[in-house]
Structure formats: structure tokens, C-alpha cells
Amino acid sequence: MRTDDFWAVIDRATADRPASPGEVAKRATADLAARDPEEIVAWARHLDKVMVASGTQDLWAAAYLINGGCSDEGFDSFRGWLIAHGREAVARSVKSPDSLADLPAVRAAADSGAVFEAEEVLAIGAEAYRQATGSELPAGEQPATRPDAADLWDFDNEEEMQRRLPRLSALFLEPPD
């Protein structure tokens, strides 16, 4: 599956800006479930590629700041939330995780404490395949989609956070007394 075809499914699911990533997942699942099973498998494999490309330490650190902590699964779910916002949001945040400070929802989360996760977006391919065929998505090669947590820099090091993610740090870290 071509990258443009993968993102076209997300684009159609976000065409009129649904209220939640859950709604994006429902719409994308319905779109894919109406297709040939091989296309669904190809879409799911492309999702793995997007997860690999977005599995960077600094994006994980951004999720850690924004969500007030972030486990392995939490980072995956954060990227599900990001994917529900489309190709440009993913590309921009992978290139510069600190650019997430530009998103109104992220800025508002600095005050509200909102957490951004959308595990259901990560299940679009599997759910569409189940709906289309009545069986489980065939197992494929499971690429490493994030760094090993033991290899991460210390996300609790505020000086390092401020150096790497200055704009997000300004929003989410307490100013020094």
C-alpha cells in the first residue's frame, strides 16, 4: 500500500472533523472493512511503518510531558491520538516534537491536565479485518515501533527536557522558584 493510500483512509475519517479519535477509528474501520482483505492487511502493515517512523525518543519525551508521564503502551496510544489528527500532524511532530506546543488541544492540556491517547486508532486494521472476514488479522513481522525504555534519556531531567523541548517545557514544567 502506498503512503498516500494509507493516509487517504484517515483523511476520509477526519473529513468533517469528528469529535474524537474514537470516531475517527470507527469511520476508518468501516471504510477498510468494505475493502478486499488483502488491502486491509496492507493498511495494517503500513500502520506498523508509521509507528516505526514515529517511535523516536524525543516524541516519547513530548508525550511524557504532555500526558504527565508515559509508559510503553501510553506512547503507542499517544501516537494513535496523533495519527487520528492526520499525516501533517504526524510528520510535523516526528520532525519537531516541540511543535506539538502549537496545537490548541495541547496548549489547553497544560491547564486542564487532559491526556491524549487513542488505542482504538491502533486497532483499525485488526478490527476492519475482523469485520470483513470474521477472523483475526494474519500475524506479520512485528517491527520494533519504539526504543527500549531502558535506552531512553531521563525524562525527569528537567534541564534536558528544557534543552530538547523548550516550548513544551514552558507549558508543562513548573517554573523554578
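Summary of the structure given here.

Calculation rules
Residues numbered from 1 in each chain as written. Predicted model: local features only at pLDDT ≥ 70, side-chain atom pairs only at ≥ 80, totals over all residues. Heavy atoms only, no water. Phe/Tyr/Trp six-rings, centres within 6.5 Å; stacked < 30°, edge-to-face > 60°. Lys NZ or Arg CZ within 6 Å of the ring centre and 35° of its normal. Patch = residues over 30% accessible without salt bridge, like charges linked within 9 Å, V, L, I, M, F, W, Y side chains within 5 Å. Areas by Shrake-Rupley, 256 points an atom, 1.4 Å probe, with all protein chains shown as cover. Salt bridge = Lys/Arg side-chain N within 4 Å of Asp/Glu carboxyl O. Lys, Arg positive; Asp, Glu negative; His and termini not counted. Charge placed at Lys NZ, Arg CZ, Asp CG, Glu CD. Helix = DSSP H or I, 4+ residues; strand = E, 2+ residues; numbered from the N terminus. Buried < 20%, exposed > 50% of the residue type's maximum accessible area, 1.4 Å probe, protein only. Core = buried A, V, L, I, M, F, W, Y, C linked by side-chain atoms within 4.5 Å. Contact = heavy atoms within 4.5 Å. Arc of directions from axis to C-beta.

Scanning the entire structure with this criterion turns up eight aromatic pairs. Chaining the aromatic ring pairs together yields one cluster made of Trp60, Tyr64, Phe75, Trp153 and Phe155. Directly above the aromatic system of Phe75 lies the positively charged group of Arg79, at a separation of 4.0 Å from the ring centroid.

We now examine a negative patch on the surface. Taken together, the side chains of Asp154, Asp156, Glu158, Glu159 and Glu174 make up a negatively charged region of the molecular surface. Following the sequence through the fold, Glu174 ends up in the segment after helix H11 (166–172). Taking the relative accessible area as the measure of exposure, Glu174 reaches 66% and is therefore exposed.

Turning to the nonpolar core, a few remarks are in order. Residues Ile83, Leu100 and Leu168 are the most contacted members of the largest nonpolar core, which totals 51 residues. When residues no more than four places from it in sequence are discounted, the contact partners of Leu168 are Ala62, Leu65, Ile66, Pro97, Asp98, Leu100, Ala101 and Val106.

The next subject is helix H6 (residues 87–95). Looking at H6, one finds that the buried residues are Ala89, Val90 and Ser93. One side of H6 carries all its buried residues, which in axial view fall inside an arc of 95°. Among the exposed residues of H6, those oriented more than 90 degrees off its buried face are Glu88 and Lys95. Considering only its buried residues, H6 is in contact with helix H1 (3–13), helix H3 (37–53), helix H4 (57–67) and helix H5 (72–83).

Nothing here speaks to function; it is all geometry.
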